[in-house]
Each structure stands twice: as C-alpha cells, then as structure tokens.
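Now for the letters of each chain:
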Amino acid sequence: MSPPSQTPRTLLVTGGAGFIGSNFLRFVLEQRPTWRIVNFDALTYAGNLANLTDIEDDPRYAFIHADIRDREAVAQALADHSVDGVVHFAAESHVDRSIMDSGPFLSTNVIGTQVMLDAARQANIARFVHIGTDEVYGELPLERTDLKFTEETPIQPNSPYSASKAAADMLALAYHHTFGMNVVVTRCSNNFGPYQYPEKVIPLFVTNLIDGKKVPLYGDGKNVRDWLHVIDHCEAILAVLERGLPGEVYNIGGNNERSNNELTRTILKIMALGEEMIQPVTDRLGHDRRYAIDAAKIKRGLNWQPTRSAWPTALEQTIAWYRDHEHWWRPLKEKPKPVKVSA
Ligand SMILES: NC(=O)c1ccc[n+]([C@@H]2O[C@H](COP(=O)([O-])OP(=O)(O)OC[C@H]3O[C@@H](n4cnc5c(N)ncnc54)[C@H](O)[C@@H]3O)[C@@H](O)[C@H]2O)c1
C-alpha cells in the first residue's frame, strides 16, 4: 500500500478560519502535499482570514464563505469540489459566551452538525471526523489526581457549551450506528499556540501583559486544565482521519495538567513580571474544577503522542509568537467584530 502522503484527497474543513482549523489547514498542506482543502467558514467573530494569509493563494486551497446551517451551501460545496473527507471543527467555542447566551451554541454546534452529517451522508463522503472536546465528560475532583477521562467515562457536560458539544458527538456516533457512516469522534483537551482568539486565557493574559494590563484570574485559581499544543492536536487529527476506526472516539491530551494559578505564574515568570499583575475576579458560573485526559487509546492504536506541548518551552514559544504578531491580535482586541446572536 502506498504511504498516506501519496493518496490524493480533497478535504472539506469547516471552521478553517478559526484557531485550530487554520493551524490544521496549514499543517495538512505541509504534510500531505498532494491533497486539496476547501475551507468552509461563516467568519463569525472568531473566524479570521488573517490566520491564513500565507496559504490563501495556494492552488490546493479554496475558501467558501458560508454557514454550516445552510443545507444548500454545504451540499453544493461537497459536490462542486468532489470532496471525499470532512473534518468538522466549526463551532461556537467559548464557554463564557455560552453562559451569556446559549442560543448560538445550540444552533451551530447541534443543528449545524446535523446539517453537516446529513449532507455528508447524502454525498457518500468516505470519512467524517467530528472534532469534540474533553469538556463533554464534565469535571474531576481536584484531590483525585489518580482519575482521568477515558473514552468510556460517562458524558456529563456542565456548561451550555459542553452540553451542545456532547449533543453533537452523540449525533455523529448515532449516524455511524444508524446509517453506517464512516464517522470518527475526537475529544481533546485545552489547546494553546499561534492564532488563538484573544478571549481565551493564554492569548488574553499575554496580550494584556504586553499592554501593561492586569490579568483576570477566576475564583481561587485552583481549576486544572490539560494543555496541548495546537500542532500536536493537528497531528492527532490527521492520524485519526487516516487511521482511526469508524465509530470510535479518540481522546487527545498533552499529559500536561496545570492549575490556572500555575499557568498564570508561569506566564508572569516568562514575561519577567510580578504577581501584582494578577487581578482576582469572581469565578465563572459552574466552573469545572479539573479536566484530565487519558490518551492511551490513540497512543496505542494510532501511534500518536504529543511532542510539542512540554512547558515551559512550548509556552515560551507561544508567548514569543504573540509578541511578534501584534499586528495580528491588536485589531481583534481593539475592534472586535460584532457577535451575531442568532442564526
Ligand atoms: N480551543 C480549544 O482548546 C479546543 C479544545 C478541544 C476542542 N475544541 C473544538 O475544536 C473546534 C475548533 O475550536 P477553535 O478553538 O478553533 O474555535 P474558534 O472559535 O477559534 O473557531 C471556530 C470557527 O468556526 C467558525 N464558525 C462558527 N460558527 C459557524 C457556522 N455556523 N458556520 C460555519 N462556520 C462557523 C468560525 O467562524 C471560526 O472560524 C471546536 O469544535 C471546539 O469545540 C477546541
């Protein structure tokens, strides 16, 4: 059998103008030079074509400005480009926004996923990778450091965001069970790296500190997250796309658990700043205490493991990227795009 890099493929990637999607597009074009990619993105406040300026003229790349809830646009895109694989990233992704208004989360994350699955089924798409999150498992107690989420951990989402993502996961798996669709689901921990919208904690803190502003630290700061470099995540998704078993779920994690206190103090240390830059703020409603991923299945089954996520090096490199790319993030902080609240 020829190696995967020799297999010509046309992927439709939803949400390719967002943080992880844009990194994935760039990564796949580098790693699989014979593939073509169609980026299907509605350009919400989180979608940004400035994430893709280096590949926008690549003949292997096409952009479609459309909404995943638009059935005709999705069907047309799949047919026009002879797509044979879908990687579905597009989602409303920020927990705090889902607490303020869950409407767009239900609409895009659940109905949008249903539209994508229906369209892919009708077009006989050979492979559908649904990008999920570890947040669907709910939370682990801080003191039980022996516990981690496995793929068998019951789904118990706690925020409107994670509830909408859990519904989308369940739909994707149901389409595999009911219709025999070749669907694979991934569930990843917190990502960090270049091109992350500066509402998420790492780019928010780093860009605040570059501007001499304090960083808002939720509650007691003891909440723990597992941090994975976005390119490690992209590599895992490519492995799942090429070699994951249909109907399976794959957890993806960095084995890199840190409390928000540790995260904040590490950023301050790298940026040579003191603790007076911390501004404690009222905790997020329903703030999950701890997420931790057991990624043994993808390591064993697909021979993937993170190689770019180790701190402090990976965090130093990420902070350096935001220092060097002020032209990228400053417009997002100073004049954010208005948020469209409904479909
Ligand atoms: N960021 C993380 O740490 C993380 C961790 C695990 C899983 N995930 C999942 O990965 C995926 C991507 O996350 P991200 O952080 O890159 O998100 P993001 O918010 O940076 O990007 C989302 C993208 O989806 C697009 N989009 C939103 N609604 C759309 C719609 N209705 N139609 C078409 N496009 C639409 C946006 O324009 C944007 O380009 C999401 O499904 C998220 O749940 C993210």
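Our structure is the block above this text.
A brief report on the enclosed structure follows. (Residues numbered from 1 in each chain as written. Predicted model: local features only at pLDDT ≥ 70, side-chain atom pairs only at ≥ 80, totals over all residues. Heavy atoms only, no water.)

Residues L11, V13, F24, V87, F89 and I298 are the most contacted members of the largest nonpolar core, which totals 39 residues. Breaking this core down by element, the ones donating at least two residues are β1 (10-14), α1 (19-31), β5 (127-133), β6 (183-188), α7 (230-243), β10 (249-252) and α9 (296-302). Among residues more than four places away in sequence, those in contact with V13 are F24, L25, I37, V38, N39, F40, V87 and F89. One finds F40, L140, A172 and L173 within the second-largest nonpolar core, a separate group that totals 33 residues. (Core = buried A, V, L, I, M, F, W, Y, C linked by side-chain atoms within 4.5 Å. Buried < 20%, exposed > 50% of the residue type's maximum accessible area, 1.4 Å probe, protein only. Helix = DSSP H or I, 4+ residues; strand = E, 2+ residues; numbered from the N terminus. Contact = heavy atoms within 4.5 Å.)

Pairing within the open sheet is parallel, and its seven strands lie in the order β3-β2-β1-β4-β5-β6-β10. Bordering the open sheet on either side are β3 (61-65) and β10, each of which pairs with just one other strand. The sheet shows a mean angle of 20° between the axes of neighbouring strands, taken without regard to direction. The pairing of β5 with β6 spans six bridges and is classified as parallel. When the sheet's bridge partners are listed, G132 is paired in β6 with R187. The strands touched by helix α2 (residues 71-80) are β1, β2 (36-41), β3 and β4 (85-88); relative to β2, the strand with the most contacts, the crossing angle is about 170°. (Pairing = 2+ DSSP bridges. Axes fitted to C-alpha atoms, helices over the stretch in contact; angles between N-to-C directions.)

For the rest of this paragraph, the subject is the packing of helix α6 (residues 201-210) against helix α10 (residues 313-324). Between α6 and α10, whose axes approach to 10 Å, the crossing angle comes to 55°. One element, α6, and the other, α10, form an angle in the oblique class. α10 is crossed by α6, and the crossing has right-handed handedness. When α6 is examined against α10, the residues I202, P203, V206, T207 and I210 are found in contact with a partner set consisting of L315, T318, I319, Y322 and R323. Grouping the constituent residues of the contact of α6 with α10 by class yields seven nonpolar, two polar and one charged. (Parallel < 35°, antiparallel > 145°, perpendicular 65-115°, else oblique. Left-handed = near helix turned anticlockwise from the far one by under 90°. Nonpolar A, V, L, I, M, F, W, Y, C, P; charged D, E, K, R; others polar.)

Lining the immediate surroundings of the ligand are 29 residues, of which D41, F89, S93, Y161 and K165 lie closest. D41 places a side-chain nitrogen or oxygen 2.5 Å from an oxygen atom of the ligand. Within the side chain of S93, one N or O atom sits 2.6 Å away from an oxygen atom of the ligand. Relative to its unbound accessible surface of 840 Å², the ligand loses 96% to contact with the protein. Those elements giving two or more residues to the shell around the ligand turn out to be α1, β5, α5 (160-179) and β7 (190-192). Taken together, the residues that form the shell around the ligand break down as 14 nonpolar, eleven polar and four charged. (Near = heavy atom within 4 Å. Polar contact = N/O pair within 3.5 Å; in protein donor to acceptor, adjacent residues only side chain to side chain. Areas by Shrake-Rupley, 256 points an atom, 1.4 Å probe, with all protein chains shown as cover.)

Mapped onto the elements, R9 comes out in the segment before β1. Buried charge R9 goes without a salt bridge, the closest partner of opposite sign being D84 at 4.3 Å. What R9 contacts, discounting residues up to four positions off in sequence, is T34, W35, R36 and D84. (Lys, Arg positive; Asp, Glu negative; His and termini not counted. Salt bridge = Lys/Arg side-chain N within 4 Å of Asp/Glu carboxyl O.)

In space, the three strands of this open sheet follow the order β7-β9-β11, with mixed pairing throughout. Whereas interior strands pair on both sides, the edge strands pair on one side only; in this sheet they are β7 and β11 (257-259). If you compare each strand with its neighbour and ignore which way they point, the axes differ by 50° on average. By the bridge criterion, three bridges tie β7 to strand β9 (residues 224-229) in an arrangement that is parallel. By the bridge assignment, N190 is partnered in β9 with W227.

Let's shift gears to the pattern of salt bridges. This structure, assessed with the given rule, holds 20 salt bridges. Residues D146 and R144 are paired through a salt bridge, measuring 2.7 Å at the closest nitrogen-oxygen approach. Judged by its relative accessible area of 54%, D146 falls in the exposed class. For R144, a relative accessible area of 38% corresponds to the partly exposed category. One network of salt bridges, in which partners are shared, links D211, E326, R330 and E334.

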